[in-house]
Amino acid sequence: MDTILSIQNLSKTYQGAGRTLTVLHDISFSIAAGSTVSIVGPSGSGKTTLLGLCAGLDRATSGSVELNHVKLDQLSEDERAQVRNKYVGFIFQNFQLLPTLTALENVMVPLELRGEKNVKSRSRDLLEKAGLGDRLNHYPSQLSGGEQQRVSLARAFANNPKILFADEPTGNLDAETSDKVVKLLFDLNQEAGTTLIIVTHNLELAAMTSRIIRIKGGSIVGDEQRS
Amino acid sequence: MDRERFTYKKKINLPWLFTMAWRDSRRNRSRLLLFVSSIILGIAALVATFSFGYNLQNDIDKQAKTLVGADLVIQGNKPPTPQLQTILDSIGNERSQERSFASMVYFVKDSGTRLVQVRALDGSYPFYGELETTPASAGPHFRKGRNALVDKTLMLQFNASIGDSIQVGDIKFAITGTLNKAPGRNTISTTVAPPVYIPLQFLDSTGLVQKGSRIAYNYYYKFNNEADVDAVVRDLESKLDQESMDYDTVEERKRNTGRSFEDFTQFLSLISFVALLLGCIGVASAIHIYIREKISSIAILRCLGVNSTQAFFIYLIQIAGIGLLGSVLGAILGTLIQQILPTVLQDFLPVDVAVAVSWKAIAQGLALGLVISILFALLPLVSVRKVSPLYTLRISFEHARLRDPAKWIVYILIVGFVYGFCKWQIGSYMQAAAFTIGILIAFFILVLVARLLMWIVRRFFPGSWNYLWRQGFANLYRPNNQTITLVTTIGLGVAFIGTLYFIQGILINRVSLTASGNQPNMVLFDIQSGQKDSVADMAVQHGLPVVQQVPIVTMRIEEVNGMNAEDVRRDTSARISERAFEWEFRVTYRDTLTDSEKLTRGKLGAPVTSPNQPIYISVEEDYARRVRLQMGDTVLFNVQGTLVKTIIGSMRQVDWQRVQTNFRVVFPSGVLEEAPQFHVLITRVPSPEVSAKFQQAVVRRYPNISIIDLGLILSVLDDVLNKIGFVIRFMAGFSIITGLIVLIASVLISKFQRMQESVLLRTLGASRRQILIITALEYFFLGALASATGLLLAMAGSWALAKFSFEARFTPSWLPIILLFIIISSLTVLIGLINSRGVLNKPPLEVLRRE
């Protein structure tokens, strides 16, 4: 199977108040296209930092990140933005919808950015699939947490990403809503054949993926391939 | 899996950027409009000034002929030679002449006297426009008999009516009309000596034309063919020059009038520009907070693939949009205000100004508003390019890291723009630089004061003070404070208004000082030699002191060291300035110095007792420096036809501030006694009643004598300064109101910042009263500091102007200062409190939910 994400000797340190803080230490792994992977670990273990680096949101101190055969560390911030628009989808713990855009417009943005056609109908389809057909013109503040996360899911899948990064996708939701969102996430993922990387400390959610990478103190402490 | 190659394409999809800008602004439009309201008044003031300027220029061009009243005017201060007179009588298709001079007139019914400008006129001048009179027929008809047209201010002052008599010199004239307006003259120019028109044919009978009288000779011409004017002027120019006569054509007057009003409108536009700059600081500060609130949205967009340029443009489009909207509103308001300006300025205007919509002014206002709002918004806007997508994952991490070196480029652009605008308005590189630097220094001082205050409060504020006081003070330096913005904008506005007020005070004070105490306050001039002793006696009889009595002889320089004006003009290496020959001197003769003089070189010439004795004259030092005369130079004077050779024997320093006669050139006694001359007597009158009585007595006996009453001059000056002051204050008012709008905007913006804090305080149990006190204290400190700094700047500036420019003492009156301080501080508190009432009147939970 083709590799969609390849991480080699990745380290990230921060300089602050006269001392150096190493958040990630010499991390290497590869992820096959179409697989589902979860990165788990306790708070402060560096999982969100790792996600940021994998998705090209930040630059590593050393090491390399290759996403869909594009070496991110050699790109400028604007070039990485285009990589994200082309290949990457995001789901955040706090949904990160644009507050001044309606649900429909939020989903339309990645498609509009790519200059695609029929943006409105495709976005509407996605929202209907997410069960939000009657909430298209609502603003995020008029939606519940679960609804907002479903809009976020629709937006993440809008540009048919090759890889989807989800940062604690159920972290801000109650159990019942979480289940619905997780089901939707995996359904859409299966349908689109997207690689899914979930950062979470929810072991139940992690168990639903085919591979679990455990991280602690900035290093990988376990990499479990599941059937 | 496809292995497509990634290639970066930098694309700017403009329509999408506009759509996103529109969407993103959706829930903030009222706030954006509030930001931009700060520039509305600045643009309004500029559009009003520009429109007024263009309309004025337009009207001057249209009414230029009525400004002059003729195609050509030839003027001189002495009668032309018979040769020139022959030429003057032959040119033009229609001719008119006028003699004008200052003289006292006597209102028979009221027994009042007043210094006026007598204008003795013949022919049918004005050829263009008219002498506007009541009744209208009086203008053309007064020349038919012993009639006079009397200025309307005089008619009012002496309660005179048509048909009354007025005595000019030895004869009486019947007032046939009230003069409302004469070509090219505005109300202010005729305030000191209002005009009285009489027919020229009666001038000699008045007995006012005597040898030595200072009379202006004006010749007015109308040409059927306008092109002839230039030809005539070209032919005549050198002849007129030889006889020290001057000419004025419609084109010349158009240029001169246009130029002097250009200066004035430029000055007003600079005042307006300051209001605009203040507004822009408000915009920059508001956008700064706006962008900070938008960081998370920008980070999300960056995550979704928006590049830094696109993100920057989404917000730039929003700013440009509101900048344009603000400019449009400003232009509309400015066009409305423009209707008022001609009314406010009417006393100064020589033409009737139409209030037409000036599209040129509107276009300039719109362009200016758009450019300047973008420029100032760029300061916070460049940071947008630096917002990292990582912010979506780490809320607090990137918050303070929005510094961008590109800001320095923006600062340079702003300074460059301010300089460019000033250069455009003023035209002089140096003056534009001085204005720009002046504004920068004022900004710098205000920012420094604000920072200093924040530092002092943070460092030294006593921790033992009551909680409410501590909280109120702490708000001055905590994150998202408005201290620098408010201190700068309100401070600059106050400084501006304060300076204008103080300078007006200094000018009035200076004149008042000369008119107070035991200083002389009345000058009688044009006294003939035979009248000299009698007038002095009359003064003594009225109980008035004869402070000074001096003879005055008028003369011109013919040659210096054997070179005449023509030689100097030709010889480019000549030391003497050409200007030395242009001046008509009023010279006195005496053998002693007065107490306003000090010898700096040589000694005063000895009395001349024999015709062969060299004549040593004394020259005022500054004048000698200007025309480059030196000790020992021989100067040949033309004393009304007689040539007198002299040698510069001494130099004097003269204090020109005193109310007494001072002279550039003083002759020794024994030379000019027989020359045609008049005398000046200076006295001090204790009251307006004595002044009126004495003036009446003198004018009735000696109608040729003119009297200047300093009390009158003072009240005229006061009036003029008040009128000019009103116009300047009117325009400067825009700065103050802009300052207040910026204040309202800043307070409203900071309301969003303060809201959570106040709600938290209320949740923790703070009462409504406590929050009210904290808010009031914070805004009182801000308002008080801003106005105090502004006033101090104004006082420092006025002191410097008083000392170095006006050479006067600066003694500000404290009451208006304290009043201004209280008003501005209270307004700040009031606005702060009104805006905070949303937090105060609602339950904490409701506010929290809403936010």
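Peer 1: Explain the overall build of chain B to me, and be specific about the residues and the numbers.
Peer 2: Summing up its helical and strand segments, chain B has 23 helices and 21 strands in all. When burial is assessed residue by residue, chain B has 54% of its 851 residues classed as buried. Element-wise, carbon and sulfur atoms account for 58% of the exposed surface of chain B, whose accessible area totals about 37800 Å².

Peer 1: Please set out the confidence of the model for chain B residue by residue, giving values where relevant.
Peer 2: Residue and element names in this part refer to chain B. Looking at chain B as a whole, the pLDDT averages 82, with 90% of positions reaching at least 70. Across residues 395-400, where pLDDT falls below 50, the model places seven contacts with residues more than four positions away in sequence or in other chains. On the interface metric, ipTM, the complex scores 0.89, and its pTM is 0.72.

Peer 1: Tell me about the packing of aromatic side chains, and please be specific about residues and values.
Peer 2: All names here are of chain B. Summed over the entire model, instances satisfying the criterion amount to 20 aromatic pairs over all chains. Where tyrosine 125 meets phenylalanine 127, the ring centres are 6.3 Å apart and the plane angle is 90 degrees; that geometry is what we call edge-to-face. Both residues of the pair, tyrosine 125 and phenylalanine 127, belong to the buried class. Considering the side-chain rings of phenylalanine 273 and phenylalanine 421, the 3.9 Å spacing of their centres and the 15 degrees angle between planes classify their relative orientation as stacked. Taken together, the residues span a long stretch of sequence, with phenylalanine 273 in helix H8 (residues 250-303) and phenylalanine 421 in helix H12 (residues 406-426) at a distance of 148 residues. Classification of phenylalanine 421 by relative accessible area gives buried; the value is 3%. Members of the aromatic cluster, joined through ring pairs, are Phe50, Tyr54, Phe273, Phe421 and Trp424. Here the basic side chain of lysine 423 rests over the ring of tyrosine 429, its NZ or CZ set 4.5 Å away from the ring centre.

Peer 1: Help me get a handle on the sheet that holds strand S7 (residues 163-167) of chain A, residues and values and all.
Peer 2: Residue and element names in this part refer to chain A. Ordered in space as S6-S7-S8-S3-S9-S10, the six strands form an open sheet in which the pairing is mixed. With partners counted over all chains shown, the strands left at the sheet margins are strand S6 (88-91) and strand S10 (219-225), one partner each. Adjacent strand axes in the sheet meet at a mean angle of 15 degrees, parallel and antiparallel pairs treated alike. Its contacts with the sheet put helix H1 (residues 47-54) on strand S3 (36-40), S7, strand S8 (195-200) and strand S9 (211-216), and the angle it makes with S7 is roughly 155 degrees. Across the sheet, helix H6 (residues 175-192) is in contact with S3, S6, S7 and S8; its angle to S8 comes to roughly 155 degrees.

Peer 1: Account for the sheet that holds strand S5 (residues 70-71) of chain A, naming residues and giving values.
Peer 2: Residue and element names in this part refer to chain A. With antiparallel pairing, the four strands of this open sheet are ordered in space as S2-S1-S4-S5. Bordering the open sheet on either side are strand S2 (19-32) and S5, each of which pairs with just one other strand. With two bridges connecting them, strand S4 (residues 62-67) and S5 associate as antiparallel partners. Looking across to S5, one finds that leucine 67 is bridged to valine 70.

Peer 1: Quick rundown of the environment of Pro183(B)? Include the residues and the values.
Peer 2: Residue and element names in this part refer to chain B. Structurally, the position occupied by proline 183 is in the loop between strand S7 (171-181) and strand S8 (195-199). Residue proline 183 is classed as buried on the basis of its relative accessible area of 8%. Put simply, proline 183 and phenylalanine 107 are 76 residues apart on the chain and 25 Å apart in space, counted from C-alpha to C-alpha. Sequence-distant contacts of proline 183, that is, excluding residues within four places in its chain, are made with Thr66, Leu67, Val68, Gly69, Tyr125, Pro126, Tyr128, Glu130 and Leu131.

Peer 1: I'd love a proper account of the nonpolar core, names of residues and values included.
Peer 2: By size, the foremost hydrophobic cluster in this structure holds 104 residues, and its most contacted members are Val109(A), Phe273(B), Leu276(B), Ile287(B) and Leu381(B). With 19 residues, H8(B) is the single largest residue contributor to this core. Leave out the neighbours within four places in its chain, and Leu276(B) touches Ile39(B), Gly42(B), Ile43(B), Leu46(B), Leu368(B) and Ile372(B). Core analysis: the next-biggest nonpolar cluster, separate from the first, contains 41 residues, Leu67(B), Leu121(B), Tyr220(B) and Val344(B) among them.

Peer 1: Outline the packing of helix H5 (residues 145-158) of chain A against H6(A), supporting the account with residue identities and numerical values.
Peer 2: Residue and element names in this part refer to chain A. Contact pair H5 / H6: the axes reach a minimum separation of 10 Å and the direction vectors enclose 10 degrees. As judged from the angle between their axes, H5 and H6 are roughly parallel. Contacts from Gly146, Gln149, Arg150, Leu153 and Phe157 in H5 reach Thr177, Val181, Leu184, Leu185, Leu188, Asn189 and Ala192 in H6. Here the contact of H5 with H6 is composed, by residue class, of seven nonpolar, four polar and one charged.

Peer 1: So what's going on with a nonpolar patch on the surface? Which residues, and what values?
Peer 2: Residue and element names in this part refer to chain B. Together, Leu33, Leu324, Leu325, Val328, Leu329, Ile332, Leu333 and Leu336 make up an exposed nonpolar region whose accessible area comes to about 630 Å². At seven residues, the largest contribution of residues to the nonpolar patch is made by helix H9 (residues 308-337). With respect to the secondary-structure elements, leucine 325 resides in helix H9. Judged by relative accessible area, which is 41%, leucine 325 ranks as partly exposed.

Peer 1: Tell me about the interface of chain A and chain B, and name the residues and values.
Peer 2: Across the boundary between the two partners, chain A contributes 46 residues, which contact 39 residues of chain B. When chain A packs against chain B, close to 3800 Å² is buried across both sides, 57% of that on carbon and sulfur atoms. Between the two partners, chain A and chain B, sit five salt bridges. Run the count over chain A and chain B and you get eleven residue pairs in polar contact (both at pLDDT 80 or more). Of all elements in the fold, only strand S1 (3-16), H1, helix H2 (77-87) and helix H3 (103-113) of chain A reach the threshold of two or more residues within the side of chain A that touches chain B.

How each quantity is defined
Residues numbered from 1 in each chain as written. Chains lettered and ligands numbered in written order. Predicted model: local features only at pLDDT ≥ 70, side-chain atom pairs only at ≥ 80, totals over all residues. Heavy atoms only, no water. Helix = DSSP H or I, 4+ residues; strand = E, 2+ residues; numbered from the N terminus. Buried < 20%, exposed > 50% of the residue type's maximum accessible area, 1.4 Å probe, protein only. Areas by Shrake-Rupley, 256 points an atom, 1.4 Å probe, with all protein chains shown as cover. pLDDT = per-residue confidence, 0-100. Contact = heavy atoms within 4.5 Å. Phe/Tyr/Trp six-rings, centres within 6.5 Å; stacked < 30°, edge-to-face > 60°. Lys NZ or Arg CZ within 6 Å of the ring centre and 35° of its normal. Pairing = 2+ DSSP bridges. Axes fitted to C-alpha atoms, helices over the stretch in contact; angles between N-to-C directions. Core = buried A, V, L, I, M, F, W, Y, C linked by side-chain atoms within 4.5 Å. Parallel < 35°, antiparallel > 145°, perpendicular 65-115°, else oblique. Nonpolar A, V, L, I, M, F, W, Y, C, P; charged D, E, K, R; others polar. Patch = residues over 30% accessible without salt bridge, like charges linked within 9 Å, V, L, I, M, F, W, Y side chains within 5 Å. Salt bridge = Lys/Arg side-chain N within 4 Å of Asp/Glu carboxyl O. Buried area = accessible area lost by both parts, 1.4 Å probe. Polar contact = N/O pair within 3.5 Å; in protein donor to acceptor, adjacent residues only side chain to side chain.

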